Amino acid sequence: MNSFKKSKTALISVFHKDGLAPIVEKLNELGITIYSTGGTEEFIKKLGINVIPVEDLTLYPSILGGRVKTLHPKVFGGILARRENKNDLSQLNEYKIPEIDIVIVDLYPFEKTVVSGASEQDIIEKIDIGGISLIRAAAKNFKDVICVSSMNQYTNFLQIMIDNNGGTTIEQRKNFAAKAFAISSHYDNAIFKFLNTNELAFRESFDTVSTLRYGENPHQKGYFFGDLDSLFDKLHGKELSYNNLLDVDAAVNLINEFKNDIPTFAILKHNNACGLAQRETLKQAYLGALAGDPTSAFGGVLIANKEIDTETAQEIHKLFCEVVIAPSYSNEALEILKGKKNRIILIQKNIEMPTSQYRTALNGVLFQNKNNKTDNASIISNSTIKKPTSNELEDLFFASKICKHTKSNTIVLVKNKQLCASGTGQTSRIDALNQSITKATHFNFDLNGAVMASDAFFPFPDCVEIANNAGINAVIQPGGSIKDQLSIDYCNEHKMSMIFTGTRHFKH
């Protein structure tokens, strides 16, 4: 088999015509016969280049409002014919079907139409039939045909035509075929997700991929599949790493809990908040967050729910941090933060985040709805005689939001809307509590009057006892243990308040 093929004919029918003109002009210069239809045919004619209408080949007009244009044996026969199969070539000759060596076809913008909020009928009309059939046919017969299935491939294809004087190698055709099937499978997946209402199936596909410096560790390869540009505007700094992206994900999910609140600032390290505070000004909120753990803040990810101003930027600039995220920056603040060349500065766009999440496990995938339930006054029950004060209640909900986004087992201690400390990722709840108290004490927090949040229930009263001895007098937890009464009795005896939410917030 001759792996190098000289192209003689091309079929072009595309929705996106940006960048197409140089290709058409080059094919014409090379003496390649061009077939086309519809808007693409008109586009080529306006370039002053000869083009044969597909209707002249099939002897059938475009019918059903354009739904049927290229679905015909004289088109697909020319694409699918095996050039070294004598029977195939004999049939081409018998039915006067020309060989088609180049297929340049893209697909209707189905996903963009869905996002636009168009009617169901308009969306259905953007389900491509002829285009995807042509792409699959050409890609299947990559031994003889090259398939250009996206405008993103125009530049590469044009260079191949220039370099090879209109020819293609088997390696090039196979590479383009793989891309074609990637596009067709992604397209079909998008249609399935739009139409599916009750079939339980895991189907995910991403067209955009970023190669990361490395994975979790330098010896691991790492990639990000997804469109970061839809989430952030990157203003400065080096490329985000694998670990940066995990921290950024944790930061975005956490700050969304405080999206519409007064100025709130969080500092994260290894996916957990090491500092978080809410104040009247963003500078005060930042300094409050930093005070929570100035040691762990080094090299962390910083995120704010309000525009970062000059005063806040001046304070941030004193700290070495990997990433800063905010909805906006003042001009002066941005210039200050750019003072460190590698510091990554992101603007978080106001878009909806995914409502589900998944991860690999064993030889499959675990899938679940996101934990979008936030504890609030409408779902709580007072389990103790003493009720929390209004200020304590605000702190309890504040602590619960942090707890929800902290690795289990966790205990979170809060006072005056400031994270004093948290015990994170411990194998026992007592260890998490002791860790948080030790840490808070180390950073000189007075826990008298502080509140405690737990991501799961207390099976024994030991945690409320330890908390009480540290000066904590209000607790929020899910409840649900068969021994809840032991903790309730202790709280009543020691004039502590405790509320149950009925919702566990494990995070693994």
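For the structure, see preceding data.
Residues numbered from 1 in each chain as written. Predicted model: local features only at pLDDT ≥ 70, side-chain atom pairs only at ≥ 80, totals over all residues. Heavy atoms only, no water.

Moving on, we get to the environment of Ser-13. Among the structural elements, Ser-13 can be located in strand S2 (residues 9–13). Residue Ser-13 is classed as buried on the basis of its relative accessible area, which comes to 16%. Distance in space between the C-alpha atoms of Ser-13 and Phe-500 is 63 Å, their sequence separation being 487 residues. With sequence-adjacent residues up to four places away left out, Ser-13 is seen in contact with Thr-37, Thr-40, Ile-104, Val-105 and Asp-106. (Helix = DSSP H or I, 4+ residues; strand = E, 2+ residues; numbered from the N terminus. Buried < 20%, exposed > 50% of the residue type's maximum accessible area, 1.4 Å probe, protein only. Contact = heavy atoms within 4.5 Å.)

The next point concerns the packing of helix H9 (residues 154–163) against helix H10 (residues 170–195). Direction vectors running N to C along H9 and H10 enclose 165°, while the axes themselves pass 12 Å from each other. With respect to each other, H9 and H10 are oriented roughly antiparallel. Remark: the crossing between H9 and H10 carries left-handed chirality. Residues Asn-156, Phe-157 and Ile-160 of H9 lie in contact with H10, whose contacting residues are Gln-172, Phe-176 and Lys-179. Of the residues assigned to the contact of H9 with H10, the class counts are 3 nonpolar, 2 polar and 1 charged. (Axes fitted to C-alpha atoms, helices over the stretch in contact; angles between N-to-C directions. Parallel < 35°, antiparallel > 145°, perpendicular 65-115°, else oblique. Left-handed = near helix turned anticlockwise from the far one by under 90°. Nonpolar A, V, L, I, M, F, W, Y, C, P; charged D, E, K, R; others polar.)

Before going further, it helps to examine the packing of aromatic side chains. One pass over the full model with this rule turns up 8 aromatic pairs. Between Phe-110 and Phe-194, the ring centres sit 5.8 Å apart and the planes meet at 80°, which makes this aromatic pair edge-to-face. With Phe-110 in helix H6 (residues 110–115) and Phe-194 in helix H10, this pair connects stretches of sequence that are 84 residues apart. Accessibility expressed as a relative area gives 2% for Phe-110, which makes it buried. The exposure class assigned to Phe-194 is partly exposed, which follows from its relative accessible area of 26%. Here a set of aromatic residues connected by ring pairs shows up, and it is made of Phe-110, Tyr-187 and Phe-194. When the ring centre of Phe-176 is taken as reference, the NZ or CZ atom of Lys-179 above it lies at 5.4 Å. Of note, Arg-203 hangs over the ring of Phe-192, and the distance from its end group to the ring centre comes to 5.6 Å. (Phe/Tyr/Trp six-rings, centres within 6.5 Å; stacked < 30°, edge-to-face > 60°. Lys NZ or Arg CZ within 6 Å of the ring centre and 35° of its normal.)

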